[in-house]
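Structural overview for review
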Amino acid sequence: MGFSTDTGFDEQRSDAEALWLPAFGAAIFDFDGTLAATEGLWEEVDRIFFGQRGIEYDALAHQTLATLGFAAGAEWVRQTYGLDEPTADICDEWNRLGHALYETRVELRPGAREYLAALRRAGIPIALATTNDPYVLSAMAPRVDVAELFDAVVCGKEVAHATKDHPDVYLEAARRLGVDPAACLVFEDILPGVRSARGCGMMTCAVRCADPRQPREALRHEADLWLDSWTDIAL
């Protein structure tokens, strides 16, 4: 796609070329799907969760939960399926299941670690903005230690609106980095995240994920940049 000159990106450069050398003041990254191919793990969590309750797995429900995050997702499940379980108990179960899978099966996508390191060497502050839970993320260390990889880590439970259709998690990431939102580039794989980040004045790069249901054409239309693979960025 092309860009207007007020985005700070050169219209004559390809999307991957526009990511290096950086024309932005800070970078904010989503984790699941964007930096790590975890879509299958959370689908596994959903299948286990619904199966234990005798509920047929629904791929559309999985997509909804991926957008909502833990607390809002648990409340949605309670109301949608009439579950008589406390929201906190559902979140705890998802956290336990997610933690077990993340402990041994999550790696960063090829090229992602190298890009994060290159940005830091270039003096570009970077933050993680995720609806995932700190307990689940901690299961990856030392293979993937988000506290070491990023200058700031913001989880959905730390802001007023955890869901990505609100920009709270991105704005909090910018605040912790000490950077104006307009100087930030947000990397996301979901449409609500791209829209809310753009809505608060941030630049956006939509990243292709492994989920074949990802609305790629809509993301290409909405985002300032599109990235097929982290390995496409020539550092």
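The preceding data block contains the structure.
Residues numbered from 1 in each chain as written. Predicted model: local features only at pLDDT ≥ 70, side-chain atom pairs only at ≥ 80, totals over all residues. Heavy atoms only, no water.

A short note on the overall build of the protein
Stated precisely, the cut-off is as follows: Only DSSP runs of H or I with at least four residues qualify as helices, and only runs of E with at least two residues qualify as strands; both kinds are numbered from the N terminus onward. The reference for a compact globule is 2.2 Å times residues^0.38; the radius of gyration itself is calculated from the C-alpha atoms. Relative accessibility decides the category of a residue: with a 1.4 Å probe and only protein chains considered, values under 20% of the type maximum give buried, values over 50% give exposed, and everything between is partly exposed. Residue exposure ignores everything except the shown protein chains as possible cover, and the areas themselves are Shrake-Rupley values with a 1.4 Å probe.
Within the protein one finds 10 helices and 6 strands. Scaling as 2.2 N^0.38, a compact globule of 235 residues should have a C-alpha radius of gyration of about 18 Å, and the protein matches this with 17 Å. Of all 235 residues assigned to the protein, the portion counted as buried reaches 51%. Looking at the protein as shown, the accessible area adds up to about 10,300 Å², and 51% of this sits on carbon and sulfur atoms.

As for the packing of helix α1 (residues 39-51) against helix α4 (residues 87-105)
Applicable threshold: Geometry is summarised by axes, namely lines fitted to C-alpha atoms with helices restricted to the contacting stretch, and by angles between N-to-C directions that run from 0 to 180 degrees. Oblique is the label for any angle not covered by the other classes, which are roughly parallel (under 35 degrees), roughly antiparallel (over 145) and roughly perpendicular (65 to 115). Two helices crossing with the near one rotated counterclockwise from the far one by less than a right angle form a left-handed crossing, whereas a clockwise rotation gives a right-handed crossing. The criterion used for residue contact is that any of the two residues' heavy atoms lie within 4.5 Å.
Where α1 meets α4, the axes come as close as 10 Å, and the angle between the chain directions of the two elements is 140°. Comparing their axes, α4 and α1 come out oblique. Viewed along their axes, α1 and α4 form a crossing whose handedness is right-handed. The segment α1 lies against α4, with Leu41, Trp42, Glu44, Val45, Ile48 and Phe49 engaging Ile90, Glu93, Trp94, Leu97, Gly98, Leu101, Tyr102 and Arg105.

Quick look at helix α2 (residues 59-68)
Within α2, burial applies to Ala61, His62, Leu65, Thr67 and Leu68. Buried positions along α2 lie against α1, α3 (70-81), α4 and α9 (191-199). Just downstream of α2 lies Gly69, where phi reads positive at about 85°.

Side note on the pairing of strand β4 (residues 184-188)
Threshold: Here a strand pair is declared whenever DSSP counts at least two bridges between the two strands. A right-handed crossover is one whose linking path, passing over the helix from the first strand to the second, runs clockwise when the strands point away from the viewer.
Among the 5 residues that make up β4, 5 are buried, leaving the element largely enclosed by the rest of the structure. Summarising the sheet, strand β1 (residues 26-29) and β4 pair through 4 bridges and their orientation is parallel. Across the sheet, residue Phe29 finds its bridge partner in β4, namely Phe187. Of the pairings in the sheet, the one linking β4 to strand β5 (residues 203-207) comprises 4 bridges and is parallel in character. When the bridges of β5 are listed, Glu188 appears paired with Ala206. Once the chain exits β4 it traverses α9 before rejoining the sheet at β5, and the crossover so formed is right-handed.

Details of the packing of aromatic side chains
Using the following cut-off: Here is the rule: rings of Phe, Tyr and Trp (six-membered ring for Trp) pair when centre to centre is within 6.5 Å. Planes less than 30 degrees apart are stacked, more than 60 are edge-to-face, and the remainder are tilted. Working rule: Lys NZ or Arg CZ, within 6 Å of ring centre, within 35 degrees of ring normal, means a charge sits over the ring.
Here the structure, examined in full by the defined rule, presents 15 aromatic pairs. Plain terms: the ring middles of Phe29 and Phe150 are 6.1 Å apart, the flat faces sit at 55° to each other, and that makes the pair tilted. With Phe29 in strand β1 and Phe150 in the loop between α7 (146-149) and β3 (152-155), the pair connects residues that are 121 residues apart, well separated along the chain. With a centroid separation of 5.6 Å and 90° between ring planes, the pair formed by Trp42 and Phe70 is classed as edge-to-face. You can see Trp42 sitting in helix α1 and its partner Phe70 sitting in helix α3, a full 28 residues away along the chain. The exposure class assigned to Phe70 is buried, which follows from its relative accessible area of 13%. Grouped by ring-pair contacts, the aromatic residues Trp42, Phe49, Phe50, Phe70, Trp76, Tyr81, Trp94 and Tyr102 constitute a single cluster. Above the face of the Tyr57 ring, Arg47 is positioned so that its terminal group lies 4.0 Å from the ring centre.

Structural notes on the environment of Ala16
Mapped onto the elements, Ala16 comes out in the segment before β1. Overall, the relative accessible area of 17% leaves Ala16 in the buried class. Sequence separation of Ala16 and Asp89 is 73 residues, and the distance between their C-alpha atoms is 43 Å. Setting aside residues no more than four positions away along its own chain, Ala16 makes contact with Leu227, Asp232 and Ile233.

Quick notes on the sheet that holds strand β2 (residues 126-130)
Reading across from one edge, β3-β2-β1-β4-β5-β6 is the order of the 6 strands in this open sheet, with parallel pairing throughout. Across the chains shown, the open sheet's two edge strands, defined by having one partner strand only, are β3 and β6 (225-227). Between one strand axis and the next, the sheet turns by 20° as a mean value, whatever way the strands run. As paired elements, β5 and β6 share 3 bridges and run parallel to each other. Looking at the pairing, Ala206 lines up with Trp226 of β6. Against the sheet, helix α5 (residues 112-121) touches β1, β2 and β4, its axis set at about 155° to β1. On top of the sheet, α9 reaches β4 and β5; it is set at about 170° to β5, its chief contact.

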